[in-house]
Amino acid sequence: LENLQSAWEDKLVNALYALYHAAIRDGLEKLIKYYTRFDCKPVYILTLFLHPYFKLHYIKITWRGSEEQQDEFDKGNFDAKDWVNEARQIVKASTAKAAPQPTAKDSFTSEYDRHCRTLLTQKGDDGWQVKLRQYLKDVPEDVDSETDIIAWWNT
């Protein structure tokens, strides 16, 4: 959508497309209307995160972070977001394990006992956080922006 928006904005200032400027403006208005709705939808960020080509790198490079947010604030756009931080928070919230609910038996065990029991019941694979960090660092050679992520994750 960003590429489409940029292309239309370029045509809007190009005299060759003057005849179509009204239609381009209407199209941009509609595009921006729906594009801004992504701001409230963490699923879009999670989709980028799960795509092995984009991950969080795409958000960092194209949407930017705190410096760009500050630049926008300075220009008077107080709705600007630090998208890098926003994405990290969404991913963190979506991947967080639910805390186990204490049982009647737990009320008689110490916090340390519960901690030990948790460690013993975890798999010996260094935990999902390590796998998550590895996934974020890894850039597979067999993916690009057109990769079918459903097929890729099934391999």
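Rules used throughout
- Residues numbered from 1 in each chain as written.
- Predicted model: local features only at pLDDT ≥ 70, side-chain atom pairs only at ≥ 80, totals over all residues.
- Heavy atoms only, no water.
- Helix = DSSP H or I, 4+ residues; strand = E, 2+ residues; numbered from the N terminus.
- Contact = heavy atoms within 4.5 Å.
- Patch = residues over 30% accessible without salt bridge, like charges linked within 9 Å, V, L, I, M, F, W, Y side chains within 5 Å.
- Areas by Shrake-Rupley, 256 points an atom, 1.4 Å probe, with all protein chains shown as cover.
- Salt bridge = Lys/Arg side-chain N within 4 Å of Asp/Glu carboxyl O.
- Lys, Arg positive; Asp, Glu negative; His and termini not counted.
- Charge placed at Lys NZ, Arg CZ, Asp CG, Glu CD.
- Phe/Tyr/Trp six-rings, centres within 6.5 Å; stacked < 30°, edge-to-face > 60°.
- Buried < 20%, exposed > 50% of the residue type's maximum accessible area, 1.4 Å probe, protein only.
- Core = buried A, V, L, I, M, F, W, Y, C linked by side-chain atoms within 4.5 Å.
- Axes fitted to C-alpha atoms, helices over the stretch in contact; angles between N-to-C directions.
- Parallel < 35°, antiparallel > 145°, perpendicular 65-115°, else oblique.
- Left-handed = near helix turned anticlockwise from the far one by under 90°.

Draft legend 1. Seen up close, the overall build of the protein. The helix and strand tally for the protein stands at 9 helices and 0 strands. N-terminal to C-terminal, the α/β element order of the protein is α-α-α-α-α-α-α-α-α. A sequence separation of at least 24 residues applies to 55% of the contacts in the protein between residues at least 6 apart.

Draft legend 2. A positive patch on the surface, seen in detail. Side chains of K30, K33, R37 and K41 sit close together on the surface and give a patch of like positive charge. Tracing the sequence through the fold places R37 in the loop between α2 (21-35) and α3 (42-50).

Draft legend 3. Expanded view of the packing of aromatic side chains. Evaluation of the coordinates by the stated rule reveals 6 aromatic pairs. Here F49 and Y135 contribute two aromatic rings whose centre-to-centre distance is 5.7 Å and whose plane-to-plane angle is 75 degrees, an arrangement assigned as edge-to-face. Taken as a pair, F49 in helix α3 and Y135 in helix α8 (residues 127-137) lie far apart in primary sequence, 86 residues in all. Y135 gets classed as buried once you look at its relative accessible area, which sits at 13%. The interplanar angle of 80 degrees and the centroid separation of 5.1 Å between the aromatic rings of F54 and Y58 together place this pair among those described as edge-to-face.

Draft legend 4. Layout of the nonpolar core. Membership of the largest hydrophobic core comes to 14 residues, with the highest contact counts inside it found for I45, F49, L56, I59 and W63. The residues contacting I59, other than those within four sequence positions of it, are I45, L48, R64, W83, V84 and A87.

Draft legend 5. Broad picture of the side chain of H51. Mapped onto the fold, H51 is located in the loop between α3 and α4 (57-63). Beyond its immediate chain neighbours, meaning those up to four positions away, H51 contacts Y135, D144, S145, T147 and I149.

Draft legend 6. Quick peek at the pattern of salt bridges. Scanning the model with the defined rule gives 2 salt bridges in all. The partner of E72 in a salt bridge is K75, with the nearest N and O atoms 4.0 Å apart. A residue is classified by how much of its surface remains accessible, and E72, at 28% relative accessible area, is partly exposed. Between K81 and E86 there is a salt bridge; the shortest N-O distance is 3.9 Å. Exposure remark for K81: the relative accessible area of 28% places this residue in the partly exposed category. Looking at E86, the relative accessible area reads 28%, which means it is partly exposed.

Draft legend 7. Expanded view of the packing of helix α1 (residues 2-12) against α2. Direction vectors running N to C along α1 and α2 enclose 155 degrees, while the axes themselves pass 10 Å from each other. Looking at the two axes, α1 sits roughly antiparallel to α2. Judged by the sense of rotation from one axis to the other, the crossing of α1 with α2 is left-handed. Contact residues: α1 offers E2, L4, Q5, W8, E9, K11 and L12, while α2 offers H21, I24, R25, G27, L28, L31, I32 and Y35.

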